[in-house]
Amino acid sequence: MRRSWIEEYTSTEDSLRAFLIMANNCYRNGEPIISDEEYDELEAMYKDDFGGTMSICDDHGYNAEVEHGVRMLSQQKTYSLADVRKLMDDARDAQYDMSIKMDGFAVSLRYEFGSLRMASTRGDGSVGLDITDAVVRGCHNIPIVLPGAWKDKAVVEVRGEMLIPKRFAQGNKSARSICVGAFKRKDVAGIEEYDPHFFGYDVVEPEGKTMQFRREAMEYMGFQNTPFKAISGAPTLDYMNEQIGKLIEKVEKLGFEYDGVVFRCNDQLIYRNMGYTEHHPKGAIAFKFKGEMVDTYVLDITYTHGETGKITPVAEISEHFAQQREIAGLYCIAVTHKLAVAETVR
């Protein structure tokens, strides 16, 4: 954790909450100011030290708000496979769904009598934004009309991640950042040029008795599943690591960004009986990959002028290579005024 400047903004309950809201907004706008690991650590600190809970909605786009019939919850997160095993020991399910955590943004697709009626963002879990026009225009790997008996159902809701291929990453902007920006634009003309893809990870309506059924249903309906593997209960840590490696090989061939693996109970009754918090279901957990940290230094501090008139400070940093990815800048760092040229950052 970069204590040198973060501590100034996290010493009290009010300042820590304000910093978390700022960091969350920057992340969802595609311009993160801290790593996922640092955000998770600060969020845990907020809960442990002050007993606070975060409930943030930051989707300020141009499209209409959409209320979700079933809340779109987040996932509990861990950086330890031992925590994953603990969930399995508590759940005692005979099988688990293990899938790649794609690094995009969550989307709900709602069909009525087989026809796509609404595509919306997760937002705060209760209310999102209508992005139907952008999805229909740009995303060509989803069905507009469902096949077979699915077209006779009053409501079918499929949830998943929206991404663009990582080849669209530009300099210090990740493919996720560019994808979020493209879908937030008022004018979505040309969005198909980014080749957006939807990867399904759940069928909410109709519910189905198992996660395996949901995976098969999504495939039959014409959706592309997130890369997944069904594993039996009580696997060893070595086996879990081996299967994670195989899933990573699959997603690397697809050419999309990812940041972890989600483990979920297969039996829906067990999953439901595990319970829920305001933030996440207890029957699933996301094992997140730790990012590689490198020391570098500030070359210059410049400012960018966005389409909306927003001026954003940018700390230009020296080039380093981490996991064969060039780090060329520190974009949208909200505390750039606390940094100085030639100062070391991590």
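These remarks concern the structure in this document. Remember, it's a predicted structure, so these values are computed and weren't measured experimentally.

1. Some details on unusual backbone geometry
Here is step 1: Across the junction of glutamate 205 and proline 206, the peptide omega takes the value -10°, indicating a cis bond.
Here is step 2: Turning to its location among the elements, proline 206 is positioned in the loop between β8 (197-205) and α7 (211-221).
Here is step 3: In this structure, aspartate 195 is a non-glycine residue whose phi angle is positive, near 55°.
Here is step 4: Exposure remark for aspartate 195: the relative accessible area of 28% places this residue in the partly exposed category.
Here is step 5: Despite not being glycine, alanine 234 has its phi angle at roughly 55°, a positive value.
Here is step 6: With respect to the element layout, alanine 234 can be found in the loop between β10 (228-232) and α8 (237-254).

2. Considering the environment of serine 99
Here is step 1: Structurally, the position occupied by serine 99 is in strand β3 (residues 95-102).
Here is step 2: Given the relative accessible area of 6%, serine 99 is considered buried.
Here is step 3: Sequence separation between serine 99 and lysine 229 is 130 residues, and the spatial gap between their C-alpha atoms is 6.3 Å.
Here is step 4: Contacts of serine 99, omitting those with residues within four sequence positions, involve Arg215, Thr226, Pro227, Phe228, Leu247, Gly260, Val261 and Val262.

3. Remarks on the pattern of salt bridges
Here is step 1: The full count for this structure, using the stated rule, is 14 salt bridges.
Here is step 2: Across the pair aspartate 90 and lysine 86 runs a salt bridge, and its minimum N-O distance is 3.0 Å. Of this pair, aspartate 90 and lysine 86 both sit in helix α4 (residues 81-91), four residues apart, which is roughly one turn of the helix.
Here is step 3: Its relative accessible area of 48% is what places aspartate 90 among the partly exposed residues.
Here is step 4: Ionic pairing is found between arginine 214 and aspartate 202, a salt bridge with its closest N-O pair at 2.5 Å.

4. Notes on α7
Here is step 1: Those residues of α7 that fall on the buried side of the exposure criterion are Met211, Arg214, Arg215, Ala217, Met218 and Met221. Viewed along the axis of α7, the buried residues span an arc of 165°, placing them on a single side of the element. Exposed side chains of α7 directed beyond 90 degrees from the buried face belong to Glu219 and Tyr220.
Here is step 2: Glycine 222 sits one or two positions beyond α7 and adopts a positive phi of about 105°.

5. Brief notes about a nonpolar patch on the surface
Here is step 1: Where nonpolar side chains cluster on the molecular surface, the patch consists of Val136, Ile144 and Val145 and spans about 240 Å² of accessible area.
Here is step 2: Relative to the helices and strands, valine 136 is located in helix α5 (residues 132-138).

6. A look at the packing of aromatic side chains
Here is step 1: A full pass over the atoms with the stated rule returns nine aromatic pairs.
Here is step 2: With 6.2 Å between their ring centres and 85° between their planes, tyrosine 271 and tyrosine 276 make a pair best called edge-to-face.
Here is step 3: Assessed through its relative accessible area of 42%, tyrosine 276 is described here as partly exposed.
Here is step 4: In this structure an aromatic cluster arises from ring pairing among Tyr111, Phe198 and Phe223.
Here is step 5: A cation over a ring is seen here: lysine 153 above tryptophan 150, with NZ or CZ 5.5 Å from the ring centre.
Here is step 6: We note arginine 264 situated over the ring of tyrosine 271; from NZ or CZ to the ring centre the distance is 3.9 Å.

7. Quick notes on the sheet that holds strand β7 (residues 155-163)
Here is step 1: Strand order in this open sheet of five strands is β5-β4-β7-β8-β9, and the pairing throughout is mixed. Bordering the open sheet on either side are β5 (115-121) and β9 (224-225), each of which pairs with just one other strand.
Here is step 2: Pairing between strand β4 (residues 105-112) and β7: eight bridges, direction antiparallel. Its bridge partner being in β7, arginine 110 is matched across the sheet by glutamate 157.

8. Thoughts on the side chain of serine 108
Here is step 1: Here serine 108 is to be found in strand β4.
Here is step 2: A polar atom in the side chain of serine 108 sits 2.6 Å from the side chain of glutamate 157.

Here is what the cut-offs are and how they apply
- Along each chain, residues carry numbers from 1 onward, in the same order as the chain's sequence is written.
- Side-chain atom pairs in this predicted model are given and counted only at pLDDT of 80 or more, local residue features only at pLDDT of at least 70, and totals for whole chains, interfaces and linings cover all residues.
- Side-chain figures throughout are based on the complete set of non-hydrogen atoms in the structure, without hydrogens or water.
- Strands are runs of DSSP state E lasting at least 2 residues, helices are runs of H or I lasting at least 4, and numbering of each runs from the N terminus.
- Burial classification: accessible surface area is computed with a 1.4 Å probe over protein chains only, and a residue below 20% of its type maximum counts as buried, one above 50% as exposed, and the rest as partly exposed.
- Whether two residues are in contact is decided by their heavy atoms, any of which lying within 4.5 Å being enough.
- Between Lys or Arg on one side and Asp or Glu on the other, a salt bridge is scored when a side-chain nitrogen of the former is within 4 Å of a carboxyl oxygen of the latter.
- Directions pointing from the helix axis toward each C-beta atom define the arc.
- Residues qualify for a patch when their relative accessible area is over 30% and they have no salt bridge, like charges being joined within 9 Å and the nonpolar side chains of Val, Leu, Ile, Met, Phe, Trp and Tyr within 5 Å.
- Accessible surface is estimated by sampling points in the Shrake-Rupley manner with a 1.4 Å probe; for residues, cover comes only from the protein chains shown.
- The aromatic pairing rule takes the rings of Phe, Tyr and Trp, using the six-membered ring of Trp, and pairs them if the centres are within 6.5 Å, calling planes under 30 degrees apart stacked, those over 60 edge-to-face and the rest tilted.
- Only when the NZ atom of a Lys or the CZ atom of an Arg is both within 6 Å of the ring centre and within 35 degrees of the ring normal do we say a charge sits over the ring.
- At least two DSSP bridges between two strands are needed for those strands to be called paired.
- Any pair of N or O atoms that falls within 3.5 Å is considered a polar contact. Within protein, one atom must be able to donate a hydrogen and the other to accept it, and sequence-neighbouring residues count only if both atoms are side-chain atoms.

Interpretation note: all reported values are geometric properties and have no functional meaning in isolation.
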